[in-house]
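# Overview (structure and organization)
Here's the letter readout for the chains.
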Amino acid sequence: MRTRNLALATVAGATLLTAAALPASAQATAPTAATAHPVQEGSVRAADLLAKLKDCHQISHGKYRTDEETSATVPVCGKNGAVFWKADMDIDCDGQITDQCNERTDPWFQDDTRFHQSDDKPLNAAELPFVVVPSSSSIWDYTKDGIKGGGVVAVLYNNQVEYAVVGDTGPDKIIGEASYATAKSLGIDPDPETGGADSGVTYILFKNSQASPIESHGDAVSRGDELAKKFLQEN
């Protein structure tokens, strides 16, 4: 995300220096945010889903960048009943103004999202797990593959499963972004300016699915679990 990589590099460097100063036993037992309280929504394990994603049948006409300054290396891949990609996670804090997401906390804040709640208000990035898809372009038009607002998504990170919805669109050449709430649930730093994950995030978008209403995370989890089971059976 724009300036995120430089900030993350600074934080990572400080972390490495701190770790080097610790005894070996302390380094080995220090818990990470993602492993302290692992997320397992639904009954399907991340490992079982990932086992079905070893090969990529590329459906995009080209590849995406993960950030503005990186080269295009990420394809959108097709499977029975779903599309997927493996990328980073930038933080989307757009939508309703909250303590976590506003013009002070996010230099790129916008008070709207591509898709809205059932009451027509923008989505709440601080509360609702949602994923950003690239705007339709010659590289890939998500609508032609049965992906729509409110579509159910399985987000996999560090052996965790988090269900989300398609909630916003982003730049047409960049991929790998999700809401503040998605990152926080997975133990990823949700700060929109300096947070996120550089790699290791898998996004599985289930075709022709839709949480109802879009703002119901419970419905996304319930539908997602059933769709994930069907995905395992059909791939």
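Residues numbered from 1 in each chain as written. Predicted model: local features only at pLDDT ≥ 70, side-chain atom pairs only at ≥ 80, totals over all residues. Heavy atoms only, no water.

## Thoughts on the overall build of the protein
From N to C terminus, the protein includes six helices and eight strands. The secondary structure elements of the protein, listed N-terminal to C-terminal, are α-α-α-α-β-β-β-β-β-β-β-α-β-α. Taking all 235 residues of the protein together, the buried fraction comes to 47%. The contacts in the protein between residues at least 6 apart in sequence include a share of 75% that link residues at least 24 apart. Within the structure as shown, the protein displays about 11100 Å² of accessible surface, and the carbon and sulfur contribution to it stands at 50%. (Helix = DSSP H or I, 4+ residues; strand = E, 2+ residues; numbered from the N terminus. Buried < 20%, exposed > 50% of the residue type's maximum accessible area, 1.4 Å probe, protein only. Contact = heavy atoms within 4.5 Å. Areas by Shrake-Rupley, 256 points an atom, 1.4 Å probe, with all protein chains shown as cover.)

## Examining the pattern of salt bridges
The final tally for this structure, using the stated rule, is five salt bridges. With its nearest N and O atoms 3.6 Å apart, the salt bridge here joins Lys173 to Asp172. Its salt-bridge partner being Lys229, residue Asp225 comes within 3.6 Å of it at the nearest N-O pair. Of this pair, Asp225 and Lys229 both sit in helix α6 (residues 217–234), four residues apart, which is roughly one turn of the helix. Residue class for Asp225 comes out buried when judged on its relative accessible area of 11%. A relative accessible area of 33% means that Lys229 is categorised as partly exposed. (Salt bridge = Lys/Arg side-chain N within 4 Å of Asp/Glu carboxyl O.)

## Focus on the state of the cysteines
Using the criterion set out here, one finds two disulfides in the structure. Across the disulfide, Cys93 is cross-linked to Cys101 (sulfur-sulfur distance 1.9 Å). Negative torsions about the S-S bond denote left-handed disulfides, and the value of about -70° found for Cys93 with Cys101 makes this one left-handed. Like Cys101, Cys93 is buried. Each bonded cysteine of the protein is numbered by sequence order, and under that numbering the disulfide pairs are 1-2, 3-4. (Disulfide = S-S within 2.5 Å.)

## Focus on the nonpolar core
Judged by nonpolar contacts, the single largest core of 42 residues is most densely connected at Trp85, Met89, Trp140, Val155, Tyr203 and Leu205. For this core, the leading source of residues is strand β3 (residues 82–92), giving five residues. For Tyr203, the residues in contact, after removing those within four places along its chain, are Val83, Phe84, Trp85, Ala87, Asp88, Met89, Val131, Ala154, Val155, Gly176, Glu177 and Ala178. Within the second largest apolar cluster, 17 residues are counted, among which are Val44, Ala82, Ile204 and Phe231. (Core = buried A, V, L, I, M, F, W, Y, C linked by side-chain atoms within 4.5 Å.)

## With respect to unusual backbone geometry
Between Ser212 and the following residue, Pro213, the backbone shows a cis peptide bond with an omega angle of -5°. Relative to the elements of secondary structure, Pro213 occurs in the loop between β8 (197–206) and α6.

## A word on the pairing of β3
Summarising burial for β3: ten of the eleven residues are buried, a large majority. For strand β2 (residues 77–79) and β3, the ladder comprises three bridges, and the chain directions are antiparallel. The residue of β3 that forms the bridge with Gly78 is Val83. Following β2, the chain reverses through two residues before pairing antiparallel with β3; Gly81 in that reversal takes a positive phi of roughly 80°. The sheet contact formed by β3 and β8 spans seven bridges and is antiparallel. Bridging from a neighbouring strand, Met89 pairs with Ala197 of β8. For β3 and strand β7 (residues 177–179), the ladder comprises three bridges, and the chain directions are parallel. Paired with Ile91 across the two strands is Ala178, which belongs to β7. (Pairing = 2+ DSSP bridges.)

In short, the description is geometric, and any link to function would need to be established separately.
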